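Summary of structural features
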Amino acid sequence: MTAGPWSTRDTFIAETAVTIDRLTAKIERLERREDALAQRVTELAEHAQQASRFQSLAESLRNSRDYKLDEMIRLVKDVRGRVDALEGPRPDYNNLTHKSFIAIDRKLAELSAAQAREADRAGRLQPGSLAIGFLAATVVASLVGLIF
């Protein structure tokens, strides 16, 4: 190297060049970091939107479940009211001998069987009654024939 006024200038230029290179490298690192941070912000925004959609879905499902439960409770109350209307007032129900639909069904079956037996007896007696009536008519006709 040569000594002289040029060496101070060359040293200054070299130091400035090194400083500029360092600043350029630092700027490039900051730009890469900025790009990475921008990408991370985008990912976080997408994640936030997805979380919001999941929260909306959960709320919708909860509202649907609550609506279905309310509807089921309403239907049960309606059926309960209909059964109460069929059974009548509770104090009167306690005095009944048949307190279930099964007991009532058995009693109706017994009554139907008894009614069928009565109809069967009436059917068997009817031809006999017809024969007796026919016999009585012939007796009356023969008596009428003997008298005249």
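Everything quoted here is computed from the prediction, not taken from an experiment.

With that out of the way, let us pick up the overall build of the chain. Per the secondary structure count, the chain includes 3 helices and 0 strands. Mapped in sequence order, the helices and strands of the chain form the string α-α-α. Taken over 148 residues, the chain has a buried fraction of 1%. Of the accessible surface of the chain, which amounts to about 13500 Å², a share of 63% is contributed by carbon and sulfur atoms.

The subject of this paragraph is the pattern of salt bridges. Proximity of charged atoms lets side chains of opposite charge pair with each other. A complete count under the given rule lists 6 salt bridges for this structure. Between Glu 43 and Arg 40 there is a salt bridge; the shortest N-O distance is 3.8 Å. Placement of the pair is Glu 43 and Arg 40 together in helix H1 (residues 5-87), with a separation of 3 residues, close to one helical turn. Glu 43 gets classed as partly exposed once you look at its relative accessible area, which sits at 38%. The exposure class of Arg 40 is partly exposed, given its relative accessible area of 47%. Asp 66 is the partner of Arg 65 in a salt bridge, and the nearest nitrogen-oxygen pair spans 3.3 Å. The class for Arg 65 is partly exposed, based on a relative accessible area of 48%.

For the rest of this paragraph, the subject is the confidence of the model for the chain. When pLDDT is averaged along the chain, the result is 83; 78% of the residues meet or exceed 70. The weakest mean pLDDT in the chain belongs to helix H2 (residues 90-94) at 66; the strongest belongs to H1 at 93.

A separate point is a negative patch on the surface. Residues Glu 28, Glu 31, Glu 34 and Asp 35 make up a contiguous surface patch of negative charge. Checked against the element boundaries, Glu 31 lands in helix H1. Glu 31 gets classed as partly exposed once you look at its relative accessible area, which sits at 43%.

Moving on, we come to a nonpolar patch on the surface. A contiguous nonpolar surface patch, about 520 Å² in accessible area, is contributed by Leu 86, Phe 101, Ile 104, Leu 108 and Leu 111. It is helix H3 (residues 101-147) that contributes the most residues to the nonpolar patch, 4 residues altogether. The exposed category is assigned to Leu 86, whose relative accessible area is 66%.

Rules and cut-offs
Residues numbered from 1 in each chain as written. Predicted model: local features only at pLDDT ≥ 70, side-chain atom pairs only at ≥ 80, totals over all residues. Heavy atoms only, no water. Helix = DSSP H or I, 4+ residues; strand = E, 2+ residues; numbered from the N terminus. Buried < 20%, exposed > 50% of the residue type's maximum accessible area, 1.4 Å probe, protein only. Areas by Shrake-Rupley, 256 points an atom, 1.4 Å probe, with all protein chains shown as cover. Salt bridge = Lys/Arg side-chain N within 4 Å of Asp/Glu carboxyl O. pLDDT = per-residue confidence, 0-100. Patch = residues over 30% accessible without salt bridge, like charges linked within 9 Å, V, L, I, M, F, W, Y side chains within 5 Å. Lys, Arg positive; Asp, Glu negative; His and termini not counted. Charge placed at Lys NZ, Arg CZ, Asp CG, Glu CD.

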